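Spelled out from the first residue to the last, the chains are:
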Amino acid sequence: MAILVDKNTKVLVQGITGHQGRYHTMAMKEFGTNVVAGVTPGKGGQKVEGVPVFNTVQEAVNETGANTSIVFVPAPFTMDAVLESIDAGIKLVVTITEHVPVHDAMKMISYAKMKGSRIIGPNCPGLASPGKAKVGILPNLIFKEGNVGVVSRSGTLTYEIVNSLTEAGIGQSTTVGIGGDPVIGSNFIEILDLFEKDPETEKIVMVGEIGGTAEEEAAEFIKEHVSKPVYAYIAGRTAPPGKRMGHAGAIVTRGRGTAESKIRALESAGVKVARIPTEIADMIKRD
Amino acid sequence: MAILVDKNTKVLVQGITGHQGRYHTMAMKEFGTNVVAGVTPGKGGQKVEGVPVFNTVQEAVNETGANTSIVFVPAPFTMDAVLESIDAGIKLVVTITEHVPVHDAMKMISYAKMKGSRIIGPNCPGLASPGKAKVGILPNLIFKEGNVGVVSRSGTLTYEIVNSLTEAGIGQSTTVGIGGDPVIGSNFIEILDLFEKDPETEKIVMVGEIGGTAEEEAAEFIKEHVSKPVYAYIAGRTAPPGKRMGHAGAIVTRGRGTAESKIRALESAGVKVARIPTEIADMIKRD
Amino acid sequence: MKLYEYMAKEIFRKHGIPVPEGYVIENPEEIKPVHGEVVLKSQVLVGGRGKAGGIKFASSTEEARKIASELLGMDIKGYKVKKLLIEPKIEIQKEYYLSFIVDRSSREAMLIASAEGGVEIESVPDEKLFKRTINPLIGIQPNVIRALSYKLGLNKEQMKDITKIVYGLWSVFTQEDADLAEINPLVLTPDGFMAADAKLIINDDSLFRHADMEKVEEEYTPLERKARERGIAFVQLDGNIGVIANGAGLTMATLDVLSLHGGKAGTFLDLGGTDDPEKVKQAFEIIGEAPIDVVFLNIFGGITKCDTVAKGVVDAIKEKPLKVPIVARIKGVNEEEGKEILRKEGIGAFSTLEDAVKEAVKLAGGA
Amino acid sequence: MKLYEYMAKEIFRKHGIPVPEGYVIENPEEIKPVHGEVVLKSQVLVGGRGKAGGIKFASSTEEARKIASELLGMDIKGYKVKKLLIEPKIEIQKEYYLSFIVDRSSREAMLIASAEGGVEIESVPDEKLFKRTINPLIGIQPNVIRALSYKLGLNKEQMKDITKIVYGLWSVFTQEDADLAEINPLVLTPDGFMAADAKLIINDDSLFRHADMEKVEEEYTPLERKARERGIAFVQLDGNIGVIANGAGLTMATLDVLSLHGGKAGTFLDLGGTDDPEKVKQAFEIIGEAPIDVVFLNIFGGITKCDTVAKGVVDAIKEKPLKVPIVARIKGVNEEEGKEILRKEGIGAFSTLEDAVKEAVKLAGGA
């Protein structure tokens, strides 16, 4: 099992001929991922790391049966690339690109919902199911196959935590980096729901940050719908305050959004909250 | 059981203070339907046939728990009314209004899909589950509770066929008038799928017309996904030809769309096609 | 509402699509001095006018005037030519095809394009067409135009050029509430792409949003026009049985059953969901003027009550007697009362469609 | 990018939202002759300027000049007033509130409105607010404005008036790629609604689409500005430990662990996902200028290799030696090699964050 990506995942790399696309195509293949196609308009017919490149996603899907896409194209063209994948019937679009305009993000997420596709990101490191497949830029060496599901808003901090799990002998079912942008395609709740339903996942680690109310909402969801033990770390207790979004920001947030608010909400939902990142591995080991 | 409307249906009438809204509120109540609210902007606080009127759908939903809406508002304002219901969380919006602009229809249907609501119509007579509820303008007296599901693009012709079923002692689970416009929220396939999954429905009657390729597509669907016996009537074998939609119309239709094409497709999918409307009752009785 | 080519081109131009610089004339004197070659295009609402001789070229003012006087007033497939569109002849390198249409199946728009445009477009096989549904909420996107360009084998310059046209045509299609917006052929000229022809059908139900748009009258018989003015759905056919029914589906079914029994309908008149006596009276007025031998009335009473319709019929024929017999099939709510009312006036009234049809076919002179 | 009130108002006006007819000055001489009463509004990027004395009224040209010279150069919550917006005083009948904001939870826009606008808006309880998410693909619809009007208790005339403003603000929000478009207060005057204040934050990632928009520099320390110019995410804090880490989450976590052990960060410097030696060098240049007592480097090597970063650090300090000691925590890919490279240069390199933090706090003068 695992969630979202596994041995049946056939990956299409959008922007495969760029520096990042090329490098991570190689890294994903090294992880054991079945990378079947790349797309760069105008570069159809080439090969990158042995992967055939097409001009359009539709063509790539028709020729290779790709069912998952990873997007490395520059921010101004990201929405178009994501929409192209959705229209070609791709059901999971992992959007690595950062600095995607927030209105583009809203639009493409709405469109994905209409068409029954799922977006991870934008501005995310992607996801990895050790022993099965990786669709993302997470470092290959930190993972170990196992039964802990990891979901996180952060990048390096996630690697740090996953690595500490692996060093402690605790393997992971799937690690999902949902992305650090205000508007993202899949949030904590949606991934927690998948982990709850995944028979292979026994415990869940959630890595949050200050800002927004996603962690507070996740806490509500956990209270009602998650039976598996959840461990969390929230970064930013002592971080400089974020930008103020007018009165509207305060009205929407209503005092939530701080590390304290998030930790309180999670703890009251029965989540064990670590004080330092590496403490999560100790907590899981102890239980 | 039955599909879409039953004893749990709580109907909201949009445009309840108009002539049609008022009349059919009464008729639906006579049928035994639980009509809980009406909406006409600016007329909140009134009562129509004992049903409280609200200014907005949200207010009506909050106060009455309405879960299904029927739309009688004039065509220029229909899309807005439908969107209002969808945004208020109504999951079934039955759109009676005819002459809705086709681009409005496309937009509201896309939006409904995004938000997980279902639209029946526009330009439809609605639907009725005898003994349970009616959300529409179909005449009350023609129905009889039973196990035949009826789905139709037409109005009076449906009444005629349902009436002949009832006279022959054949009751109906649900009758759905999907509407005669080119672009409609729920097509044959979607309703056939619901009937196939409804344990109460044992046989299915499908009433089609010339124009478009919905019947041909339904035939494909029946071949693959419908195990229950399907009976059909297609009107228009000798009707005057419809408007030609340029070359594009011909390219999209590719020779389909005629009564002959539809009957051929249905018969090759194992559907028994009647030559005259009332023959359906005879065919069902014989089987 | 189908627009004339010249009107469609005017709208296309407004939305940024290059079209030839032409003008419209209603009589040959309006021809402007011809420099180079011009094309004279008959403005009719029917396809195939080229093959019917409705499009001609001229190289001089004199020749143009002569051709104009031949074309104006000419009959093309039953349509009389009242206007000509005069345009400079375009240097065509290649003909393409491009359109947006409302797609019933997907409930979205459909974009169709082909590198083989022109009159034979309908016989171009599917694998040579570019077809893509466009969601009305997200609209046309760059990736679609890229895919189209690859399919049509366009180079970079042409891709840039067609991008503008596809956006323009999408703008026409959505802003003008079109059922269809079609360019055939879309021609490649030395100056880039240009719409050599333009077909635009505005969605009838959306006309209220386009009050300033010039109305185009379709070609109707005088009787059809009269019916339309009264808001009655009416079509004249070649048989001799005048059919009136309530509901389009039921009216079609009535025609089908008539035909099964050897009868032939002379009218298609759909009363709709009304039992308004005024509407019934008007329907009988219309049908009374049609060249038929018998009137066949098929009513299913649901919301509409049979007796109300019957009363309306009786009132109508009392006020203005018909010259031909009536056969009625009355079924549904208050069916017996309805039949009784008609029978009192000597009108044959049946319950089953088949019985009534047989009687009507007999009165109409048999199968 | 947060815009000044006067810039936001100019954009609001362009989108059809009524705003007072004002002008901007940078020195008192630019005051135009005052007829009636005017308001002088300090242009700063921080809220609460009214309470801080940044908004004043004047009834004569002389008074206006005097007040202007007091306001210009004044300090409001650390922001220096460089410009004033001068507007005629509006006759306010009632204050409302209206805004669109990007809503993270719904991943749609959120429309917020209230009949109790003004400075106390944040304490208005939820049940007195109109809040509705607006899907970006369908946009604002008439039913939403009706519901808003009922909630705010508007009469028909006011409803018609606010409709224009809601559509205008939606147009600002979507066309200008805003994170926030806010009118507080939206005032009712004898001539209808008007935006008395305007707050507009443009989404930073969308600025490439608004090349012609005047850029607003936020208030940064000179060092922060230098970092930004080099594309480095850097914030100056009040502690004495200069933190460099890779990734925003990890940098925040580093600050948290420091604080747990009694240390206090003096910088927040996120290297991002890079191991580019040039970027590492620039980061050390920046941190070398910060008033700190120790540099704390926290690197998790994943895609970024630990040894590459270590080499970059050594190169950087060889070229420009730091005046303060470095403590490093190095973990992940090629961790041992990385630590070895640093230790050779006498830099304390640890594997666990806690060990490293304890050392850094000790060197910084203890908890």
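Residues numbered from 1 in each chain as written. Chains lettered and ligands numbered in written order. Predicted model: local features only at pLDDT ≥ 70, side-chain atom pairs only at ≥ 80, totals over all residues. Heavy atoms only, no water.

Peer 1: Which residues make up the overall build of chain C, and what values go with them?
Peer 2: In terms of regular secondary structure, chain C is built from 10 helices and 18 strands. C-alpha atoms of chain C, sized along the principal axes, occupy 75 × 50 × 40 Å. A separation of at least 24 residues holds for 67% of the contacts in chain C among residues at least 6 apart in sequence. A total of about 15200 Å² of accessible surface is found on chain C, and carbon and sulfur atoms cover 49% of it. Of the side chains in chain C, 49 bear a positive and 58 a negative charge, and the two mean positions are spaced by 2 Å. (Helix = DSSP H or I, 4+ residues; strand = E, 2+ residues; numbered from the N terminus. Contact = heavy atoms within 4.5 Å. Areas by Shrake-Rupley, 256 points an atom, 1.4 Å probe, with all protein chains shown as cover. Lys, Arg positive; Asp, Glu negative; His and termini not counted. Charge placed at Lys NZ, Arg CZ, Asp CG, Glu CD.)

Peer 1: Talk me through the sheet that holds strand β9 (residues 133-136) of chain B; I want residue IDs and the actual numbers.
Peer 2: All names here are of chain B. Overall, mixed pairing links the seven strands, which are arranged β9-β8-β11-β10-β12-β13-β14 in an open sheet. Across the chains shown, the open sheet's two edge strands, defined by having one partner strand only, are β9 and β14 (272-274). Averaged over all neighbouring strand pairs, the angle between strand axes comes to 15°, with direction disregarded. On the sheet, helix α7 (residues 214-225) packs against β12 (203-209) and β13 (230-235) and is oriented at approximately 155° with respect to β12. (Pairing = 2+ DSSP bridges. Axes fitted to C-alpha atoms, helices over the stretch in contact; angles between N-to-C directions.)

Peer 1: Outline the interface of chain D and chain B, listing residues and values.
Peer 2: Counting residues at the interface gives 11 residues for chain D and 13 residues for chain B. The largest per-residue losses of area from chain D upon contact with chain B belong to D:I138, D:N143 and D:Y150, which jointly make up 46% of the total buried on that side. For the pair chain D and chain B, the number of links is three salt bridges. Its salt-bridge partner being D:R146, residue B:E84 comes within 3.1 Å of it at the nearest N-O pair. Remark: the boundary between chain D and chain B carries five residue pairs in polar contact (both at pLDDT 80 or more). When residues of the side of chain D that touches chain B are assigned to their parent elements, the largest contribution, five residues, is made by helix α3 (residues 142-152) of chain D. Class assignment of the residues belonging to the side of chain D that touches chain B gives a composition of five nonpolar, three polar and three charged. (Buried area = accessible area lost by both parts, 1.4 Å probe. Salt bridge = Lys/Arg side-chain N within 4 Å of Asp/Glu carboxyl O. Polar contact = N/O pair within 3.5 Å; in protein donor to acceptor, adjacent residues only side chain to side chain. Nonpolar A, V, L, I, M, F, W, Y, C, P; charged D, E, K, R; others polar.)

Peer 1: Give a detailed account of the pattern of salt bridges, specifying residues and quantitative values.
Peer 2: With the rule as written, the count across this model stands at 79 salt bridges over all chains. Among the ionic pairs, A:K115 bridges to C:E108, the shortest N-O distance being 2.5 Å. Of this pair, A:K115 sits in helix α4 (residues 102-115) while C:E108 sits in strand β8 (residues 108-114), on two different chains. Its relative accessible area of 5% is what places C:E108 among the buried residues. As a salt-bridge pair, C:K331 and B:E167 come within 2.9 Å of each other at their nearest N and O atoms. Linking C:K331 in strand β17 (residues 326-332) with B:E167 in helix α5 (residues 156-167), this pair reaches from one chain into another. Take C:K331: its relative accessible area is 12%, and that puts it in the buried class. A relative accessible area of 52% places B:E167 in the exposed class. The network of salt bridges with common partners includes C:E5, C:K9, C:K41, C:R49, C:E87 and C:D197. (Buried < 20%, exposed > 50% of the residue type's maximum accessible area, 1.4 Å probe, protein only.)

Functional significance is not addressed by these values, which are geometric in nature.
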